[in-house]
Amino acid sequence: MKELFFIAILFVFHTQSSLSQFEPNYEESKIPNFDLPDPLTTFDGKKISRKGQWKRTRRPELYAFFEENVYGKIPAEFNDFSAKVLEQGDNAINGKAKRRQVELSFEKNGRTLQFTMLIYLPKNVKKAPIFLGYNFLGNHTIAEDENIIISKAWARNSDKYGISGNKFTSATRGIRTNRWAVEKILDAGFGLATIYYGEVDPDKDDFSDGIHPFLYNQGQQKPDDNEWGSIAAWAWGYSRAMDYFEKSKEINSSKVVVFGHSRLGKTALWAGATDERFAAVISNDSGCGGAALSKRKVGETVGRINDIFPYWFCTNFKAYNNNEEALPVDQHELLALIAPRPLYVASAKEDQWADPKGEFLSAYHASEVYGLFKKEGIPTDQMPMVNQPIQNTLAYHIRTGIHDVTDFDWEQYIKWAKQQL
Ligand code: GCU
């Protein structure tokens, strides 16, 4: 008993000390000097000047670094699932859309994982291009649509949001419609597919649930140091949605735009890097471990993110806690892994925690790889004015307002995706 008490005190002390010790820097003048690695120079110093060299040499070595040291490897292929249409309707969203609710089921060694994808497709398009993005609070929160199935996983987690018990679950229908411009997406001829991310891997420091345990060796309790954290697990889920699109007669799988906000923006970037079937990628306010340069150490840092969310990245990433200068890569090279496919990086003015300037510079420095493919990136290292997007193959905007997804964001994404795809 005494021991337990002691451990509890230690835990509280540790959490408080790590919370109180961290002072984010927001001042440009206090950024340490750093060398940004050149995406077009290999780790052993060779210059890359041709597409073929990028594809054969530089991209694979960068990819391997991020996989081994940042997001973590998936230990084995695990792609087989059965898909079941749980519900469908042909008159959703003010008569504009077809609705499909599809459950993907994965089984192994007596374990089952299921997640449900909610899909809206524009009625007047035969094979629709589609935006794919996870939601934070359950499929039923993204639209005013009584037919959306409330996921079991969400109901189980609902306490976390102060809405305990299934009884109140329906009260949360439509509470996140502000982040999903469903009608605008449909009017532009795009579909939208979304999944509650907690069904693929619950967002907590626990590797006994979600997809990870399916690939453990006998006796293994958590991923090895170079193996996948939660971000890589969520990215894996995006790829399984893509597998489903490839089989669907109603979806144009060559025009899938993978999207994510914040931690799910980090996820969308990693999904775009790992799975080249995604035609385009959108990172909304993804910040540290997403689009923002780590070496600037503005706002959230590598040490801080690994401290508070120790399960998002692989354990090897912790070697760079308060040691960003030792990183032989930076996040502009994650962006470059998506080249030459269209990529949109977006920031919000008041989201300093995510370091908007670091997100911008990252896009700027990834641009030389786009240039290698004769695709236009960000032409200048001067940040654009707020609400004045730069929309090339590599696009960027900073909008007014807080860490969020707004109609302004969606209007830009839709316009750009129409041009690019
Ligand atoms: C926290 C975290 C960020 C993350 C964000 C989110 O603020 O520090 O890294 O992007 O949560 O996912 O909303």
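Everything here concerns the structure above.
Residues numbered from 1 in each chain as written. Predicted model: local features only at pLDDT ≥ 70, side-chain atom pairs only at ≥ 80, totals over all residues. Heavy atoms only, no water.

Draft legend 1. A look at the overall build of the protein. Helices and strands together make up the secondary structure of the protein, namely 10 helices and 10 strands. If you line up the protein on its principal axes, its C-alpha atoms span 65 × 55 × 40 Å. Out of the 421 residues belonging to the protein, those deemed buried represent 58%. A separation of at least 24 residues holds for 70% of the contacts in the protein among residues at least 6 apart in sequence. Taking the 51 positively charged and 54 negatively charged side chains of the protein as two groups, their mean positions are separated by 5 Å. (Helix = DSSP H or I, 4+ residues; strand = E, 2+ residues; numbered from the N terminus. Buried < 20%, exposed > 50% of the residue type's maximum accessible area, 1.4 Å probe, protein only. Contact = heavy atoms within 4.5 Å. Lys, Arg positive; Asp, Glu negative; His and termini not counted. Charge placed at Lys NZ, Arg CZ, Asp CG, Glu CD.)

Draft legend 2. Region of the structure containing the pairing of strand S2 (residues 97-108). Most of S2 sits out of view: 10 of its 12 residues are buried. With 8 bridges joining them, strand S1 (residues 82-92) and S2 adopt antiparallel strand pairing. Each bridged residue has a counterpart across the sheet, and for serine 82 the counterpart in S2 is serine 105. Connecting S1 to the antiparallel partner S2 that follows it, the hairpin turn spans 4 residues, and isoleucine 93 within it adopts a positive phi of roughly 50 degrees. (Pairing = 2+ DSSP bridges.)

Draft legend 3. Geometry of helix H5 (residues 230-247). The first and last C-alpha atoms of H5 sit 26 Å apart over 18 residues, in line with the 26 Å expected at 1.5 Å per residue. Counted residue by residue, H5 has 16 buried out of 18 residues, so it is predominantly covered. (Expected span 1.5 Å × (residues − 1).)

Draft legend 4. The arrangement of the site of the ligand in detail. By nearness alone, every residue bordering the ligand is listed as Ser262, Arg263, Lys266, Glu300, Ile305, Phe309, Trp312, Trp353 and His403. Here lysine 266 contributes a side-chain N or O atom positioned 2.8 Å from an oxygen atom of the ligand. Here an oxygen atom of the ligand sits 3.4 Å away from a polar atom, N or O, in the side chain of histidine 403. About the coverage of the ligand: the protein hides 81% of its 320 Å² of free accessible area. (Near = heavy atom within 4 Å. Polar contact = N/O pair within 3.5 Å; in protein donor to acceptor, adjacent residues only side chain to side chain. Areas by Shrake-Rupley, 256 points an atom, 1.4 Å probe, with all protein chains shown as cover.)

Draft legend 5. Local environment of the packing of aromatic side chains. Here the structure, examined in full by the defined rule, presents 31 aromatic pairs. When the ring of phenylalanine 106 is compared with that of phenylalanine 115, the centres are 5.6 Å apart and the planes differ by 20 degrees; the resulting orientation is stacked. Ring centres of tryptophan 180 and phenylalanine 259 lie 5.9 Å apart, and the angle between their planes is 75 degrees; this geometry places the pair in the edge-to-face category. On the criterion of sequence distance, the pair formed by tryptophan 180 in the loop between helix H3 (152-157) and helix H4 (182-187) and phenylalanine 259 in strand S6 (residues 251-261) is long-range, its members being 79 residues apart. Summarising the burial analysis for this pair, tryptophan 180 and phenylalanine 259 share the class buried. Members of the aromatic cluster, connected to one another through ring pairs, are Phe131, Trp180, Phe190, Phe259, Tyr344, Trp410, Tyr413 and Trp416. Positioned over the ring face of phenylalanine 78 is lysine 108, at 5.5 Å from the centre of the ring. The positively charged end of lysine 247 is found above the aromatic ring belonging to phenylalanine 81, 4.6 Å away from the centroid. (Phe/Tyr/Trp six-rings, centres within 6.5 Å; stacked < 30°, edge-to-face > 60°. Lys NZ or Arg CZ within 6 Å of the ring centre and 35° of its normal.)

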